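Okay, here's what each chain looks like letter by letter:
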There are 2 protein chains.
Amino acid sequence: MPTTDAAAFRYEALAEFITGLIRRGTLPPGTRVPSLREISRQRRTSVTTALQAYRLLEDRGLIEARPQSGFYVAQTPHAIAAPAKTRPPARPTEVAVPAVMLKLLEHASDPKLVPLGCAIPSPQLLASGGLDRCLARAARVHGVKHNIYTPPRGDLSLRREIARRALRVGHALGPDDLLVTCGCTEALSLALRAVARPGDTVAVESPTYFGLLQVLQAQGLKALELPTDAQSGVDLAALDAACRVHTVSACVLASSFHNPLGCTMGEAKKLQVLALLAKHRVPLIEDDIYGDIGFGTERPRPFAALVPRGQTIYCSSFSKTLAPGYRVGWVAADERFMPRLIEAKVASTLCGPVLPQLALASFLASGGYDHHLRRMRRVFQDTLHRMVVAIDQSFPPGTKVSQPAGGFVLWLELPKPVDTRRLFVQALEQGICFAPGVVFSASGRYERCLRLSGGYGWSPRLDKGVRALGRLAATLG
Amino acid sequence: MPTTDAAAFRYEALAEFITGLIRRGTLPPGTRVPSLREISRQRRTSVTTALQAYRLLEDRGLIEARPQSGFYVAQTPHAIAAPAKTRPPARPTEVAVPAVMLKLLEHASDPKLVPLGCAIPSPQLLASGGLDRCLARAARVHGVKHNIYTPPRGDLSLRREIARRALRVGHALGPDDLLVTCGCTEALSLALRAVARPGDTVAVESPTYFGLLQVLQAQGLKALELPTDAQSGVDLAALDAACRVHTVSACVLASSFHNPLGCTMGEAKKLQVLALLAKHRVPLIEDDIYGDIGFGTERPRPFAALVPRGQTIYCSSFSKTLAPGYRVGWVAADERFMPRLIEAKVASTLCGPVLPQLALASFLASGGYDHHLRRMRRVFQDTLHRMVVAIDQSFPPGTKVSQPAGGFVLWLELPKPVDTRRLFVQALEQGICFAPGVVFSASGRYERCLRLSGGYGWSPRLDKGVRALGRLAATLG
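Residues numbered from 1 in each chain as written. Chains lettered and ligands numbered in written order. Predicted model: local features only at pLDDT ≥ 70, side-chain atom pairs only at ≥ 80, totals over all residues. Heavy atoms only, no water.

(A) A look at the overall build of chain A. Each helix and strand counted, chain A has 17 helices and 17 strands in total. The globule rule puts the C-alpha radius of gyration for 477 residues at 23 Å, and the 22 Å found for chain A is close to it. Looking at chain A as a whole, 64% of its 477 residues are labelled buried. Put simply, 77% of the contacts in chain A that link residues at least 6 apart link residues at least 24 apart. Surface accessibility of chain A: about 17700 Å² in total, with carbon and sulfur atoms responsible for 53%. Charged side chains in chain A number 58 positive and 39 negative. The centres of these two groups are separated by 3 Å. (Helix = DSSP H or I, 4+ residues; strand = E, 2+ residues; numbered from the N terminus. Rg over C-alpha atoms; globule rule 2.2 N^0.38 Å. Buried < 20%, exposed > 50% of the residue type's maximum accessible area, 1.4 Å probe, protein only. Contact = heavy atoms within 4.5 Å. Areas by Shrake-Rupley, 256 points an atom, 1.4 Å probe, with all protein chains shown as cover. Lys, Arg positive; Asp, Glu negative; His and termini not counted. Charge placed at Lys NZ, Arg CZ, Asp CG, Glu CD.)

In structure tokens:
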């Protein structure tokens, strides 16, 4: 059942209250936060509301649960401030992917470089051994028999497994509400084709995932970049204004742990977003690719799970958590969008390869995925924490950095107006790759920003790379 | 080296001369054709020219080589005439895929139906065992290490193997001229995106592969359907007129063994097509998906192999010959088109799965593919021959049927103006699937035509299905 608006406001208000105590130093890192019982008595709320508030704070990385002991303020070095809310232009922009993008794509997976550029986990962390064994078995057992086209939606056994997992976060799906894609890129591409035509305007977070910008550009769509906060996500008033002033065909938002900003909206805000978009009859396309790698105790629920039969097309994939090499993603939507999604799929790739889908289905059914996810989350939480420490100690004073509660990327804003494209070129010479800020904007913004990926996990080499980059950044300007 | 125009005309003229002798009954089925030495003396040409002419006749299925014995008129029952050259409207048409298409896609792979509808070989004929073993090995040996995104062009080892095979037909390609796709559908889709924008007009054979029509529709492209002959392919004068009268952004043609018509152009005609398109600066997109399953001694050369650095984008895949379930195709083009192809690929699917590509590369390197192809060609030649006999004996008198020299589909034209959509519904009730003619046209033509696939190889069940369909067709109208 979706949380009601009023209840949501209560727990978000409580979360804000605790956040204030942490920010002002009333509750310094490592101290115990009032127990659920104490805080609910003090603030005159129910224990349920207090628990929801604490889970949101956990999701945001501000507090940590310690078994048998309660909640504690996280050790993250809050000396570093989060980046300010972005202020992109309030008009649709023709998407022009900057030239530096090609250079980034060329270098992002070069093993000779310190891998801060590429937002996929290292093959070692992904540890696909179990999945690969499922593939080998599928090829031996089912190869000849399954050497056929699947239906356009994809293999039924995989769709069943995906639907089962979705149910855990309250996202009720049948196999026919799902269409298997070639990664999240195809999912986003099909979703946009289903709701927008060339020349249309699509509202997006700013900054946003550069792959989305490439899809918009290829489809001749304009981007309307929305002001977005590294903590709380997209600006509601700006979204409302955008939908009032412009004809917006779709809005694309991250479900949680936004790439590159790291923001996650609480459920109350998600409901507000949904209500606002419903008012303007703008379909939402949500990208939940990082949803499974949150550091909190509970996985954030996607938009689609909050309002059944809302105008939401859900996109995700296994590329960030398990198998970028398998290229299996999916899109979920009901019968209002599915025929157009199928039409777009048939005209794009017809259907995906069978055996990787069978392998994923049997790997998911085996239960190995959850164990793997728990391990990944610990690694990434630790990695980002150590990276923030290294940034704090090496980047110029005044550098701002996001503190996401999931995923594995950090967004940095340098204090002086420098061009991180220059930093990018100099860093490459020193054997370090990262993603300069401009690639995340349709309108050439974020010159002084950069994204660092912790996808390869912490290592002395990564640490050295972050520190060298920080020293280099200090010499710029 | 490309054949010069004059030489090409000489051998095609000789081929026409022999065709006339066969058609008029001077050389009845089963008789020996004059030897190369005899005919070259009689017609005052070189033995090379005579050999080229005989190979073309072989490609067209009119004569057969018997080892140590010479050339003989093929036994195909020439009592059945080929369909007349088609006469589609000479204007661009908005593509509207007919409703019956969905029904066809739904039923085409239903194992309970006699499989005359689906143009893929049966899994048993495809015999992917060797390839599946390569996949199992790749997963075991390379799984974890290769759990990464490939470059947008795809795995290098596979591109090398594809380039090696292309060289055999004189198509000189480097690995960087190739981009691996998710089947031929993605290849055609990317090729069209690289050269055409929504609203543009694309010239196509008529009838044409319905998957191409779906791609055109999805991309908002108009189809200009060209008159096409079941033997000699597209009408040159009509192509010329189309390019003169309309702004044509691309022309899409089959390299050989056209689906559904079965036509294959000789090299002289291919050169004329290329010259004509070059004159009008219209890029050619060629679909060579059936090229490896010709019944003649020599594989027909694709357009791209005839004129180096022509304005040709080459598309193909392994889906008709080896592994529809693997969804691996490719597009070949030089540096004039490649950047746009890569851009479209990145925005469509980013890249394809790694392990199926590695498996295909090692299967191709092992040499097993050629042996497999030889077997497939024999099976399909035999199947189509038997199907034509069954059609001759069961369909209403006056039914015309194509006689392709490769591939595994037949195109039938019924003598009376009936609607094969009705026949389709009735046939489904009798447990038989086929493809009604209208799905192969953007302008709703070919109501009295149908396509039968021999992809499952001949069997008593298939034979019974063809004959039952013939009797049913005789009752219509």
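(B) Molecular detail of the relation of the copies chain A and chain B. Least-squares fitting of chain A to chain B yields an RMSD of 0.1 Å, with the transformation described by 0.0 Å of translation along the axis and a rotation of 180°. The symmetry that links the two subunits is that of a two-fold axis. Of every C-alpha in chain A, the one belonging to Ala136(A) sits nearest the axis of rotation, 1.9 Å from it. A shared interface surface links the copies, since 100% of the contact residues of chain A are contact residues in chain B too. (Least-squares fit on C-alpha atoms with pLDDT ≥ 70 in both.)

(C) Region of interest: the pairing of strand S2 (residues 70–73) of chain A. All names here are of chain A. Where strand S1 (residues 63–66) lies against S2, four bridges are found, and the strand directions are antiparallel. When the bridges of S2 are listed, Ile63 appears paired with Val73. Between S1 and S2, which pair antiparallel one after the other, the connecting turn spans three residues, and Gln68 there sits at a positive phi close to 65°. (Pairing = 2+ DSSP bridges.)

(D) The arrangement of helix H17 (residues 460–475) of chain B in detail. Along its 16 residues, H17(B) runs 23 Å from first to last C-alpha, staying within 8% of the 22 Å computed at 1.5 Å per residue. On the buried face of H17(B), the contacting elements are strand S4 (114–115), helix H15 (368–394), helix H16 (420–429), strand S15 (432–433) and strand S17 (449–453) of chain B. (Expected span 1.5 Å × (residues − 1).)

(E) Seen up close, the domain arrangement of chain A. All names here are of chain A. Considered domain by domain, chain A is made up of domain 1 (5–73), domain 2 (95–124 + 370–475) and domain 3 (128–369). On a C-alpha basis, the centres of domain 1 and domain 3 stand 31 Å from each other. Counting from both sides, the interface comprises eleven residues of domain 1 and, opposite them, 13 residues of domain 3. Summing both sides of the interface, domain 1 and domain 3 together bury roughly 1100 Å²; the carbon and sulfur share of this comes to 47%. For domain 1, the biggest contributors to the area lost against domain 3 are Glu58, Asp59 and Arg60; these three give 43% of the whole. Between Arg55 and Glu298 there is a salt bridge, and its shortest N-O distance comes to 2.8 Å. Remark: the boundary between domain 1 and domain 3 carries three residue pairs in polar contact (both at pLDDT 80 or more). Elements represented by at least two residues in the side of domain 1 that touches domain 3 include exactly helix H1 (5–23) and helix H3 (47–59). (Domains from an automatic or database assignment. Buried area = accessible area lost by both parts, 1.4 Å probe. Salt bridge = Lys/Arg side-chain N within 4 Å of Asp/Glu carboxyl O. Polar contact = N/O pair within 3.5 Å; in protein donor to acceptor, adjacent residues only side chain to side chain.)

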